[in-house]
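Breakdown of the fold
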Amino acid sequence: MDAATSPLEDAYKVLNSSILYFKNKPVGTVAACDPEAVAPNYQECFVRDFIPAALVFIMNGETEIIRNFLLTVLDLKSQQKVMEGHQRATGLLPASFRVVENDGVEILQADFGDRAIGRVAPVDSALWWMVLLRAYVIATGDKKLAHSPAVQTGMRQILELYLKESFETSPAMLVPDASFMIDRRMGVYGHPLEIQALFYGMLRTAKELLLPIKENHVLLEMVTKRLQTLRSYVRIYYWLDRDRLNAIHRLKTEEFGHEAVNVLNIYPEIIPDYVDGWLSERSGYLVGNIGAGRMDFRFFSSGNLLSILFGLATNEEGQKIMNLYDEHWDLLIGEMPLKIVYPAEEGERWAWVTGRDPKNVPWSYHNGGNWPCLLWEFTAAAIWTGREDLAHLAVHQAEDRLYKDQWPEYYDGRKGSLIGRRANYYQVWTATSLILSKRLLEEPGSIDSFKAVLFT
Ligand code: GLC
């Protein structure tokens, strides 16, 4: 470790060397600065990975890169490809983009899942893009950008796609497996919590930024209605605490008709063993997924933390979620904050849920690995709920180790004590997440403006 450099300074070095330029303008950040990254697309700018970097830029008052990023990503919509002969919707935004040279001329190339491993659909991109647009507008006061014809049209196309009726039977959004940060098969098809939280954040943005002109009336009404129905649905059906667990434990099944209580026909026998005794009177969380005969009891960090940040969870629920972290620190934070999902799928369930994916073996990568890029969400949620003590502990645990380990993408093991087997070094959202967390904790003045930027 270089004694002259602090972890924070080193994290800034990673951020500064990650900036991606197009025609001499900064337009984003690459995913990893590791010269030996495990896949070529880590040299691209991923929409979701850029978010913590963007929030650091906002804190520094460096907003030009965010404006360029927002407009660049929007513009890339025109590169939407026909996939396997199938014409896809215009409202979809790319997972990532790169700058390549064509006959000595720089061009941008987007990936809408058409190059990605497993051809997965980047459903979260447009959701994050909208949330960032709002953050940019709040931070700069540049309403002109949001009200420009290009951005208004972009928002309308996104809403037309995301509000289009498909096969939903509830206000929760229906998506395929691997459509967000967990972009490999992991049994997160249907109605994963993280997508619902981001959808909620995106709808809140739309309500604020879509101009109330005649052509937007129908969309705005749909947005208002969906915000209400989604919020109540998640609060009723996803929430799990001792009382609710007791109720589920004694549910009647096979109820037909409008008076049914157990509307999804959840069999109490599906309650996994670890849940019994896991929840105290003070704790609770939003379960990972809900569907017919299905309740995915796994605890997904990002979905729960974003629900706190975007106000999808109530204040009381927020407190109980943070208490769960407090009571199960070893399992949910471990040596390196923080567990992406608890518990891991093991044995035959692993084979069945992941398709025998060797990258997602139990307690690794998306299947129960520990991801420092989630630290900023944890820190912000802890501050929002008055649990700075937890954020201080987590950041203290992470900072020297992340610096010494050269900013790995993820950690393996039940407690996240090993550098991820296939993790990149110099992963940019690992570094930016630490910068954000430290600054939020050390510069109390930054919290109010940061809260405004993220809705609360
Ligand atoms: C992996 C992650 C994904 C991330 C990307 C770039 O594919 O699963 O969430 O955006 O790497 O870091």
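See the structure above.
Please read these numbers as outputs of a predicted model, since none were measured by experiment. (Residues numbered from 1 in each chain as written. Predicted model: local features only at pLDDT ≥ 70, side-chain atom pairs only at ≥ 80, totals over all residues. Heavy atoms only, no water.)

Side note on the overall build of the chain
Counting secondary structure elements, the chain contains 17 helices and 15 strands. Relative to a compact globule of 456 residues, whose C-alpha radius of gyration would be 23 Å, the chain shows 21 Å and is just as compact. If one aligns the C-alpha atoms of the chain with their principal axes, the spans along those axes are about 65 × 60 × 45 Å. As presented, the chain carries roughly 18900 Å² of accessible surface, and 52% of it is formed by carbon and sulfur atoms. (Helix = DSSP H or I, 4+ residues; strand = E, 2+ residues; numbered from the N terminus. Rg over C-alpha atoms; globule rule 2.2 N^0.38 Å. Areas by Shrake-Rupley, 256 points an atom, 1.4 Å probe, with all protein chains shown as cover.)

Focus on unusual backbone geometry
Omega for the peptide link from Pro337 to Leu338 comes to -10 degrees, which places this bond in the cis form. Position of Leu338 relative to the elements: it lies in the loop between helix 12 (329-332) and strand 13 (341-342). Phi is positive for Lys23, close to 50 degrees, though the residue is something other than glycine. Position of Lys23 among the secondary structure elements: in the loop between strand 1 (19-22) and strand 2 (25-29). The class for Lys23 is exposed, based on a relative accessible area of 52%. Although it is not a glycine, Tyr365 adopts a positive phi angle of roughly 45 degrees. (Buried < 20%, exposed > 50% of the residue type's maximum accessible area, 1.4 Å probe, protein only.)

Describing the site of the ligand
Every residue lining the ligand is accounted for by Ala31, Tyr42, Phe46, Arg48, Asp49, Met181, Asp183, Tyr365, His366, Glu409, Gln427 and Trp429. Within the contact set of the ligand, an oxygen atom lies 2.8 Å away from a side-chain nitrogen or oxygen of His366. Here the ligand has 310 Å² of accessible area as a free molecule, and 95% of this is covered by the chains. Its residues assigned to classes, the shell around the ligand comprises six nonpolar, two polar and four charged. (Near = heavy atom within 4 Å. Polar contact = N/O pair within 3.5 Å; in protein donor to acceptor, adjacent residues only side chain to side chain. Nonpolar A, V, L, I, M, F, W, Y, C, P; charged D, E, K, R; others polar.)

Some points on the environment of Gly277
Mapped onto the elements of the fold, Gly277 is located in the loop between helix 9 (242-249) and strand 9 (284-286). The spatial distance from the C-alpha of Gly277 to the C-alpha of Leu163 is 39 Å, given a sequence separation of 114 residues.

Quick notes on helix 4 (residues 123-140)
The first and last C-alpha atoms of helix 4 sit 27 Å apart over 18 residues, in line with the 26 Å expected at 1.5 Å per residue. A large share of helix 4 lies buried, amounting to 15 of its 18 residues. Looking at the residues trailing helix 4, positive phi occurs at Gly141, about 75 degrees. (Expected span 1.5 Å × (residues − 1).)

As for empty space enclosed by the protein
Evaluated as defined, the whole model comprises three cavities of 30 Å³ or more. The calculated volume of the largest cavity comes to roughly 100 Å³. Along its surface, the largest cavity is lined by 13 residues, and Arg48, Trp128, Met181, Glu377 and Trp429 are the ones closest to its centre. For the lining of the largest cavity, the secondary structure elements donating two or more residues are helix 2 (47-59), helix 4 and helix 14 (375-384). Sorting elements by how many residues they give to the lining of the largest cavity places helix 2 first, with three residues. The residue inventory of the lining of the largest cavity, partitioned by class, reads eight nonpolar, one polar and four charged. By volume, the second largest cavity is sized at about 50 Å³. In terms of lining, the second largest cavity is formed by Ile51, Leu55, Trp128, Val131, Leu132, Ala135, Trp376 and Leu454. (1 Å grid on protein atoms, 1.4 Å probe; cavity = no way out; pocket = protein on both sides within 12 Å on 5 of 7 lines; lining within 4 Å. Points joined across faces, edges and corners; volume = space filled by probe spheres on them.)

What about the nonpolar core?
Grouped together as the largest cluster of nonpolar side chains are 162 residues, with contacts concentrated most on Trp129, Tyr162, Tyr285, Phe310, Tyr325 and Phe378. Among all residues touching Phe378, those that are not within four sequence positions of it are Leu305, Met322, Tyr325, Trp329, Ile333, Leu338, Leu390, Ala391 and Ala394. (Core = buried A, V, L, I, M, F, W, Y, C linked by side-chain atoms within 4.5 Å. Contact = heavy atoms within 4.5 Å.)

Concerning the environment of Glu221
Its place among the elements puts Glu221 in helix 8 (residues 217-238). Residue classification places Glu221 among the exposed positions, given a relative accessible area of 59%. Sequence separation of Glu221 and Trp350 is 129 residues, and the distance between their C-alpha atoms is 43 Å.

Some thoughts on the sheet that holds strand 6 (residues 96-102)
Taken in spatial order, the three strands line up as 3-6-7 in an open sheet, and their pairing is antiparallel. The open sheet has two edge strands, strand 3 (45-46) and strand 7 (105-111), and neither has a second partner. Pairing of strand 6 with strand 7 involves seven bridges; the strand directions are antiparallel. The residue bridging Glu101 from the neighbouring strand is Glu106, located in strand 7. (Pairing = 2+ DSSP bridges.)

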